[in-house]
Amino acid sequence: MKTVTRFTALILASLLLFACASQKKEEKLVIFHAGSLSVPFKEIITEFNKIHPEIKIEKEIAGSRTCARKISDLKKPCDIMASADYTVIDNLLIPDHADWNIKFAANEMTIVYTEHSKKHHEINKENWYKVLLDKEVAFGRSDPNADPCGYRSVLTMRLAENFYNEKGVSDKLLAKDNEYIRPKETDLLALLESGELDYIFLYRSVAEQHGLKYILLPDEINLKQTKFADNYKLATVEISGKKPGEKITKKGAPMVYGITIPKNSPNPEAAKKFLTFVLSKENGLKILEKNGQPTLIPSPTSTFNKIPKELKQFASAK
């Protein structure tokens, strides 16, 4: 009887030790990321967890500037911040809340619609602004102060005014349909698909991920091509700065996404494992490319010396 009791006690002790060890192994990783990364990051997380099931990932999706302000203003703990515009990290997080920034992907602006959109048989890359100004047509865009897609929409309108030689057209567009401005570009998808909106300003990758129709814009205004960088910067928009009431002038530039590990990261080691997966050609970059998002690894950065040694392979010094 004593032998059975002793054997039972050993089994219980082993189970307890196993449970404690399992509990100890589990880690949590918090990711803040732009709405335009929702589809590829969902797939990336699924694949990453096949290799690292012990890391439980929680993600918060918002406009990139909103994500940054959760870190800088609200002091919310975050392990990885992925922005649709790398300058959001540069301007709002470095140097106080982050040390470095890796540029990892690109995109372009498009005008997105459905087969139910008014005048969709007529719209093209030459007349899209005329269609959007039609009083029977409703279009949406995201908030420039919350989301890079929002200020990129404004910049596209500004560039269009010069490209098409249509003086005053950007102000007319910006004055129309402001009731449909939303915090992030993906918030507009339901309004488009329900028919409340006819068109939205949206990234090409998001349009492709959701199987939506879109108008490809000329490279001179779509913020895609580095060869037009000097032209893009002729367009500007005022957005909120670091401090309440402060305004900064945002110049047009080719679209480049950025990613970092904030200084307040509760789990930087797990964050480095995840970023190694995201930025590797055979894993995360392959998933991004499949989802219509061109990648830029390795890319130059002025913060190269501050990047953790495990991640230096994905960047280069300027």
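Residues numbered from 1 in each chain as written. Predicted model: local features only at pLDDT ≥ 70, side-chain atom pairs only at ≥ 80, totals over all residues. Heavy atoms only, no water.

This paragraph deals with the overall build of the protein. Across its full length, the protein holds 12 helices and 14 strands. Looking at the protein as a whole, 52% of its 318 residues are labelled buried. Side-chain charges in the protein split into 48 positive and 41 negative, and the spacing between the mean points of these groups amounts to 6 Å. (Helix = DSSP H or I, 4+ residues; strand = E, 2+ residues; numbered from the N terminus. Buried < 20%, exposed > 50% of the residue type's maximum accessible area, 1.4 Å probe, protein only. Lys, Arg positive; Asp, Glu negative; His and termini not counted. Charge placed at Lys NZ, Arg CZ, Asp CG, Glu CD.)

We now examine the pairing of strand β11 (residues 247–251). Direction of pairing for strand β10 (residues 236–240) relative to β11: antiparallel, over a ladder of five bridges. Residue isoleucine 239 lies in a different strand from β11, and its bridge partner there is isoleucine 248. The turn linking β10 back onto β11 is made up of six residues, and glycine 245 within it adopts a positive phi angle of 85°. (Pairing = 2+ DSSP bridges.)

On to the sheet that holds strand β12 (residues 257–260), then. Strand order in this open sheet of five strands is β2-β1-β3-β12-β4, and the pairing throughout is mixed. Edge positions in the sheet fall to β2 (55–62) and β4 (102–105), since each has one partner strand and no second. Taken pair by pair, the neighbouring strands of this sheet meet at an average axis angle of 25°, ignoring direction. When strand β1 (residues 27–34) meets β2, the two strands line up parallel, connected through eight bridges. Across the sheet, phenylalanine 32 pairs through a bridge with glutamate 60, a residue of β2. Those strands touched by helix α3 (residues 64–72) are β1, β2 and β3 (80–83), and its axis lies near 120° from that of β2. Sheet contacts for helix α11 (residues 268–279): β1, β2, β3, β4 and β12; angle to β1, the most-contacted strand, approximately 50°. (Axes fitted to C-alpha atoms, helices over the stretch in contact; angles between N-to-C directions. Contact = heavy atoms within 4.5 Å.)

Take empty space enclosed by the protein next. By the definition in use, this model includes one cavity of 30 Å³ or more. Lining the largest cavity, in full, are Arg65, Thr87, Val88, Asn91, Leu92, Tyr151, Ile239, Ile248 and Lys250. Those elements giving two or more residues to the lining of the largest cavity turn out to be α4 (86–92) and β11. Looking at the lining of the largest cavity residue by residue, the class counts come to five nonpolar, two polar and two charged. (1 Å grid on protein atoms, 1.4 Å probe; cavity = no way out; pocket = protein on both sides within 12 Å on 5 of 7 lines; lining within 4 Å. Points joined across faces, edges and corners; volume = space filled by probe spheres on them. Nonpolar A, V, L, I, M, F, W, Y, C, P; charged D, E, K, R; others polar.)

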